[in-house]
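Results of the structural survey
The residues making up each chain are set out below.
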Amino acid sequence: MFSNAEIGIDLGTANILVYTKNKGIVLNEPSVVAIDVRTNQVVAVGAEAKEMVGKTPRNIVPIRPLKDGVIADYDITAQMLKEILKKVSKKVGISMRKPTVVVCTPSGSTSVERRAIHNAVKSFGAKEVHLIEEPIAAAIGADLPVEEPIANVIVDIGGGTSEVAIISFGGVVSCHSVRVGGDKMDEEIIQYVKKHFNILIGERTAENIKMEIGYALIDHVEELMDVRGRDLLTGLPKVITITSKQVQQAIRESLESILDTIHITLESCPPELSGDIVDHGITLTGGGALIKGMQEWISNEIYVPVHLAPNPLESVAIGTGRSLKMIHKLQKALK
């Protein structure tokens with residue numbers, strides 16, 4: 001038992017990951033809280049709460065307190081963090097009294113949003129709270145040499161936001177973010193199915209469609225998937241077959257927004273660093289990087305090598321944890 005634990009938290013829109021210095025990633029669960037609206041008590045957090053989405057009685061409401069990578073509901077986020085830390089203490093068997101915490105924030109977040117994250121983490125008894133920009137955390141977690149004077153380009157496609165950053169000397173040289181990510185793609189799939197099939201599907205079904213047969217804008221052998229939903233005309237359950245080409249069409253707008261953001265960031269890169277990008281290429285991370293054909297499509301569009309981070313889903317959390325060692329250097333670079 002040691003009283004001053006050091007932990008890194010990736011407070012993501014879709015998932016919350018916790019990294020400890022000695023054990024690596026100890027928790028990876030959905031950022032969902034189920035609340036009993038009559039008593040305002042937390043009923044479940046993480047995976048259990050996500051299982052409840054779309055299946056609960058009226059008094060229990062599953063809530064995602066983070067939107068676009070920032071806190072939308074402060075009180076519920078604070079409660080979720082407390083419950084998450086209790087889970088971590090049980091799992092790791094260490095006392096979480098007054099931990100030193102590093103939390104990542106989207107680079108496009110405002111000072112008010114950052115303060116909300118800082119206060120929410122502080123409210124569960126953290127001794128020190130450090131904030132690190134998400135692209136830097138993702139780059140550290142993807143094993144990029146962020147402290148060296150070369151251009152490290154990171155494209156982090158998360159649940160709520162996608163961020164593109166050029167990092168050199170431990171700081172962000174150029175960065176652009178767009179509030180488009182996995183959630184937006186799920187919503188586009190729901191709307192496409194509703195419009196073309198007159199069927200209503202839930203968020204979890206849309207997410208499964210995206211993961212199973214979602215493709216970036218490349219040519220591919222068409223895949224099929226049976227989908228269950230509610231017929232809007234009869235109100236009865238119905239099964240339809242959707243193709244990967246249709247899913248590709250549904251998420252086209254989101255994918256193009258992400259590509260535009262990459263273009264804008266590369267256009268604002270200092271000329272001295274542009275040569276490095278041609279040599280070293282860009283690195284994809286975040287859950288959206290796992291969409292089939294993403295690497296190939298982006299490489300075809302921007303004519304530089306595109307690499308996939310070793311653990312795209314965990315890069316930000318790993319980088320957040322590793323940054324505990326270099327936090328003071330990074331703090332200076334970020335000022």
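Residues numbered from 1 in each chain as written. Predicted model: local features only at pLDDT ≥ 70, side-chain atom pairs only at ≥ 80, totals over all residues. Heavy atoms only, no water.

**A few points about the packing of helix 2 (residues 74–92) against helix 3 (residues 111–122)**
The N-to-C vectors of helix 2 and helix 3 enclose an angle of 40°; their axes lie 9 Å apart at closest approach. Taken together, the axes of helix 2 and helix 3 lie oblique to each other. Helix 3 is crossed by helix 2, and the crossing has right-handed handedness. Contact with helix 2, carried on its side by Tyr74, Ala78 and Leu81, involves Ala116, Asn119, Ala120 and Val121 of helix 3 and no other residues of that element. (Axes fitted to C-alpha atoms, helices over the stretch in contact; angles between N-to-C directions. Helix = DSSP H or I, 4+ residues; strand = E, 2+ residues; numbered from the N terminus. Parallel < 35°, antiparallel > 145°, perpendicular 65-115°, else oblique. Left-handed = near helix turned anticlockwise from the far one by under 90°. Contact = heavy atoms within 4.5 Å.)

**Side note on a nonpolar patch on the surface**
A cluster of nonpolar residues, Leu290, Leu308 and Leu313, forms a patch on the protein surface that exposes about 260 Å² of accessible area. Assignment of secondary structure puts Leu290 in the loop between strand 17 (282–285) and helix 9 (294–302). (Patch = residues over 30% accessible without salt bridge, like charges linked within 9 Å, V, L, I, M, F, W, Y side chains within 5 Å. Areas by Shrake-Rupley, 256 points an atom, 1.4 Å probe, with all protein chains shown as cover. Salt bridge = Lys/Arg side-chain N within 4 Å of Asp/Glu carboxyl O.)

**Here we look at the pattern of salt bridges**
All chains considered together, the criterion is met by 14 salt bridges. The salt bridge involving Glu51 is made with Arg204; its shortest N-O contact spans 3.6 Å. You can see Glu51 sitting in helix 1 (residues 47–52) and its partner Arg204 sitting in helix 6 (residues 203–213), a full 153 residues away along the chain. For Glu51, a relative accessible area of 45% puts it in the partly exposed group. The partner of Glu188 in a salt bridge is Lys184, and the shortest N-O contact between them spans 3.8 Å. Linking Glu188 with Lys184, this pair stays in helix 5 (residues 182–197), spanning four residues, or about one helical turn. For Glu188, a relative accessible area of 12% puts it in the buried group. The class for Lys184 is partly exposed, based on a relative accessible area of 35%. Where salt bridges share partners, they join Glu29, Glu48 and Lys87 into one cluster. (Buried < 20%, exposed > 50% of the residue type's maximum accessible area, 1.4 Å probe, protein only.)

**Comments concerning the side chain of Glu163**
In this fold, Glu163 is placed in strand 12 (residues 162–168). One buried charge, Glu163, has no salt-bridge partner; the nearest side chain with opposite charge is Arg114, at 7.6 Å. Beyond its immediate sequence surroundings of up to four residues, Glu163 is in contact with Pro106, Ser107, Gly108, Glu134, Pro135, Ile154, Val155, Asp156, Cys175, His176 and Ser177. (Lys, Arg positive; Asp, Glu negative; His and termini not counted.)

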